[in-house]
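Summary of the model geometry
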Amino acid sequence: MKTTFGRRTRILAATTATAGLVLVAGCSSDGDGGGTKTAAGGVEVVKAGQLTTCTHLPYPPFQSEIDGKVQGFDVSLIDLVADDLGVKQTIVDQPFENFKTGGSLNAGSCDLAAAGMTITEERKKNVDFSDPYFEATQAVLVDKKSGISSFADLKGKKVGAQAQTTGEDYAKSKGLDPVSFESSDAVINGLRAGQVEAVVIDYPVVQGWLKDKANADAFEIAEQINTGEQYGFTVKKGNTKLREAINKAIADAKADGTYKKLYEQWIGPYDESAASASPAAS
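Residues numbered from 1 in each chain as written. Predicted model: local features only at pLDDT ≥ 70, side-chain atom pairs only at ≥ 80, totals over all residues. Heavy atoms only, no water.

1. Observations regarding the state of the cysteines
A complete count under the given rule lists one disulfide for this structure. Residue pairing for C54: its cysteine sulfur links by disulfide to C110, the two sulfurs lying 2.3 Å apart. Because the torsion about its S-S bond is -105°, the bridge between C54 and C110 counts as left-handed. Of this pair, C54 sits in strand β3 (residues 50-55) while C110 sits in the loop between α3 (103-106) and β7 (112-113), and the two are 56 residues apart along the sequence. (Disulfide = S-S within 2.5 Å. Helix = DSSP H or I, 4+ residues; strand = E, 2+ residues; numbered from the N terminus.)

2. What about helix α9 (residues 240-256)?
Relative to the 24 Å expected for 17 residues at 1.5 Å per residue, α9 spans 24 Å between its end C-alpha atoms, a close match to the ideal helical length. If you check which residues of α9 are buried, you get L242, R243, A245, I246, N247, A249, I250 and A253. Residues of α9 that are buried make contact with β3, α1 (73-85), β7, β8 (128-129), β14 (234-235) and α10 (258-266). (Expected span 1.5 Å × (residues − 1). Buried < 20%, exposed > 50% of the residue type's maximum accessible area, 1.4 Å probe, protein only. Contact = heavy atoms within 4.5 Å.)

3. Digging into the confidence of the model for the protein chain
Taken as a whole, the protein chain shows an average pLDDT of 84; of its residues, 83% reach a score of 70 or greater. Overall, residues 1-34 carries pLDDT values under 50, and its contacts beyond four positions in sequence, including any with other chains, amount to 92 contacts. Counted against residues more than four places away or in other chains, residues 278-282, with its pLDDT under 50, gives nine contacts. (pLDDT = per-residue confidence, 0-100.)

4. Focus: the pattern of salt bridges
Inspection of the entire model under this criterion finds seven salt bridges. Where K125 meets E122, a salt bridge forms, and the shortest distance between an N and an O atom there is 3.1 Å. Classification of K125 as exposed rests on a relative accessible area of 57%. Residues K260 and E264 are paired through a salt bridge, measuring 2.8 Å at the closest nitrogen-oxygen approach. Residue K260 and its partner E264 are located together in helix α10, separated by four residues, close to a single helical turn. By relative accessible area, K260 is classed as partly exposed at 38%. (Salt bridge = Lys/Arg side-chain N within 4 Å of Asp/Glu carboxyl O.)

5. Notes on helix α5 (residues 166-173)
For α5, the full list of buried residues reads T166, G167, E168 and A171. Against α4 (121-124), β9 (134-143), β10 (159-162), β11 (179-181), β12 (198-202) and β13 (219-231) lie the buried residues of α5. G175 occupies a position one or two residues after α5 and carries a positive phi of about 90°.

6. Some words on the side chain of Q138
As for its position among the elements, Q138 is in strand β9. Polar side-chain contacts of Q138 include one of 3.4 Å to the side chain of T166. In this structure, Q138 is in contact with T166, G167, V200, I201, D202, Y203, E223, Q224, I225, T227 and E229, ignoring residues within four places of it in sequence. (Polar contact = N/O pair within 3.5 Å; in protein donor to acceptor, adjacent residues only side chain to side chain.)

7. Some details on the sheet that holds β12
Across a sheet, paired strands are connected by hydrogen bonds in the backbone, their directions being either parallel or antiparallel. Taken together, five strands build an open sheet; the order of strands is β11-β10-β12-β9-β13 and the sheet is mixed. Looking at which strands have only one partner, the edges of the open sheet turn out to be β11 and β13. For this sheet the average axis-to-axis angle between neighbouring strands, irrespective of direction, equals 25°. Relative to β13, β9 is paired through nine bridges, and the arrangement is antiparallel. What sits directly across from D143, in β13, is F219. (Pairing = 2+ DSSP bridges. Axes fitted to C-alpha atoms, helices over the stretch in contact; angles between N-to-C directions.)

8. Quick look at the pairing of β3
For β3, the buried fraction is high: five of the six residues fall into the buried class. Taken together, the six bridges between β3 and strand β6 (residues 88-93) define a ladder with parallel strand orientation. Residue pairing across strands places T52 opposite T90, the latter belonging to β6. Where β3 and β7 come together, two bridges link them in parallel fashion. If you follow T53 over to β7, its bridge partner there is L112.

9. Focus: unusual backbone geometry
Each neighbour pair has its own omega, and for L57 with P58 the value is -10°, a cis peptide bond. In this chain, P60 is followed by P61 through a cis amide linkage whose omega measures 5°. Looking at the element boundaries, P61 is found in the loop between β3 and β4 (64-66). Of note, Q164 is a non-glycine position whose phi angle comes to about 70°, a positive value. Within the fold, Q164 resides in the loop between β10 and α5.

Right under this line is the structure:
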């Protein structure tokens, strides 16, 4: 995801759990509404009565605006955390770099980040990750007329990827020089427009694209690549109480069937291996 610091930050506030979020006019403020900034369990929050989540839109099926509401798999899972804490989730749309580096968390712009973010050792230097909540793979999506049938066929081809993502990193690690796009929407539009012949991006994102008949008619997956990636939510380093609250919500959702229900709602047929990620080491 490309860093775009000139982009206006937007605030989106929660309505009901798993039902999505609605756009609220204006930018974030420093006011706390005069209420307490401590949620259930002694978890401190940056704004009273709210659990403020930083993300970068769009990144379906994890978070994207649908009918004026921000919805998705990540949104629904963090709604569960907010419910446990007795607050409402609010979403702040920012450049990915802002919270990948921990900047937004350190500045108090948000309590956590949820953005289909792969857990990496490099990122752990700046933020604390929750337990993994999703096993991810990369996919090579191509035009059906391209003649490309595998990742190996990408050599010498014009390949696209979303900037600042592990898909871009993987392509570069294999000697490719991918065209960087700022968002997942820009990636698929680049493929549609013929700017690139193939794209490398997270498989669940491709799954979401291919639910659309026009995309399914034009494009196909040339190869799915297991890179061993796991997604996690992030908090400011040392924010143990919030991290533990997120981990509890994830574990409870997996135990009571809520995780499976949300997976099927947002991603597709349930893949048990996606929920089998082991807890992160302390």
